[in-house]
Amino acid sequence: LHNLLPLLGFPREPLFDIRYAHQLIHPDMPHDLGFMTSVYTNMNYHKDDVSDWSEKNLPHDTTLWEYNIKDVITTHRIKDRLVQDLKELNLYDFYVGYTTPFRRVIFEMEEKGIKIDTTLRDEWTEFVENEELPIALDIINKMAGQELNPNSSKQLGTYLESIGVVVPRTAKGNYTVKEETIEDLIVKYPHHRTFLKQVLCTRVLKAKELGTYLRAPISPDGRMRTEFGYTVTGRLTSKKNHNDEGTNLQNWAKYLRAIFIPEEGHVFIDPDLRAAEAMCTS
């Protein structure tokens, strides 16, 4: 839909998004068109027809149009069934009065993005790459008494077993040293806690601060755009968008959030959640 904005402009009411209507009714189920087609219609499953596009003896335009037309027909039929379900569950007014307007706000957030202080972003990236990360790696090497890549499952697993730490393995015999595994090892081997914590710290610097946050692709206009969604419980989530730009915007460390810049004449507001909790529990 974002790609159609230059041609069609922002969508206007009435709006009905079958994905979010279905999510409101069945939050724990898949919400893709293929699944809903099989549940809400008696049409033949057509989502695998995309494989026909590679067939040289088929007219690509015809295949594409037939595929798109089937999408339109199934979407309309699913919409009628979802409206019926929403009304039976007394959720239709909530969907029309809250979910749809909120999705419009989210859509505008996705399209507009957020301004980034690219200078500060580059400075912090350089600082982590040239100062923090080398120091963290040097500490690991000194503690291990050898050159050790904490992101290498084989190197880390081999070293840990050499000092008596039993590391889980996959069915193929490869070491499993993901973050949650290391957290479990810290509990099981408290005398190796300092080293294992240092491994986690180093991984956070490289994989999270650099890989996920500071190096997250931004748009050519210097804004970070992302795609928003929901968890099963309704909490807002975010990830890279359809252009492979942006990242999860909700788990940034507070000091990293300084690279986000409010629009001119505006300010960011940080809610006092402790006060909110006190009001809810009083």
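Everything numeric here is computed off the predicted structure, so don't read it as measured data.

What counts and what doesn't
Residues numbered from 1 in each chain as written. Predicted model: local features only at pLDDT ≥ 70, side-chain atom pairs only at ≥ 80, totals over all residues. Heavy atoms only, no water. Phe/Tyr/Trp six-rings, centres within 6.5 Å; stacked < 30°, edge-to-face > 60°. Helix = DSSP H or I, 4+ residues; strand = E, 2+ residues; numbered from the N terminus. Buried < 20%, exposed > 50% of the residue type's maximum accessible area, 1.4 Å probe, protein only. Lys NZ or Arg CZ within 6 Å of the ring centre and 35° of its normal. Pairing = 2+ DSSP bridges. Arc of directions from axis to C-beta. Polar contact = N/O pair within 3.5 Å; in protein donor to acceptor, adjacent residues only side chain to side chain. Salt bridge = Lys/Arg side-chain N within 4 Å of Asp/Glu carboxyl O. Axes fitted to C-alpha atoms, helices over the stretch in contact; angles between N-to-C directions. Parallel < 35°, antiparallel > 145°, perpendicular 65-115°, else oblique. Contact = heavy atoms within 4.5 Å.

> An account of the packing of aromatic side chains is requested, with residue identities and associated values reported.
Tallied over the entire structure, the rule returns nine aromatic pairs. Geometrically, the ring pair formed by F16 and Y95 is tilted, given 5.0 Å between the ring centres and 55° between the ring planes. Of this pair, F16 sits in the loop between α1 (5-8) and α2 (18-25) while Y95 sits in helix α5 (residues 92-112), placing them 79 residues apart in sequence. Between Y159 and F195 the ring centres are 5.2 Å apart and the planes differ by 50°, which places this aromatic pair in the tilted class. Highlighted residues: Y159 in helix α7 (residues 153-162) and F195 in helix α9 (residues 193-214), separated in sequence by 36 residues. As far as burial versus exposure is concerned, Y159 and F195 are alike and both buried. Three or more aromatic residues joined by ring pairs make a cluster, and in this case those are Y20, F94, Y98, F102 and Y230. Across the ring face of Y92, the terminal group of K87 is positioned such that the distance to the ring centre comes to 5.1 Å.

> Talk me through the pairing of strand β4 (residues 236-239); I want residue IDs and the actual numbers.
The pairing of strand β3 (residues 227-230) with β4 spans four bridges and is classified as antiparallel. The residue bridging G229 from the neighbouring strand is T237, located in β4.

> Give a description of helix α3 (residues 33-40) that names residues and reports values.
What α3 keeps buried is the set L33, G34, M36, T37 and Y40. Within α3, the buried residues cover an arc of 165° as seen down the axis, which keeps them to one side. A side-chain oxygen of the first residue of α3 lies 3.2 Å from the backbone nitrogen of G34; this N-cap is D32.

> Give me the pattern of salt bridges: which residues, what numbers.
Using the criterion set out here, one finds nine salt bridges in the structure. Between K240 and D244 there is a salt bridge, with the nearest N and O atoms lying 3.6 Å from each other.

> Describe the packing of α7 against α9, listing the residues and the values that go with them.
Viewed as axis vectors pointing N to C, α7 and α9 meet at an angle of 170°, and their least axial separation amounts to 13 Å. As judged from the angle between their axes, α7 and α9 are roughly antiparallel. When α7 is examined against α9, the residues L156, Y159 and L160 are found in contact with a partner set consisting of F195, L196, V199 and R203.

Coordinates in, geometry out; function isn't part of it.
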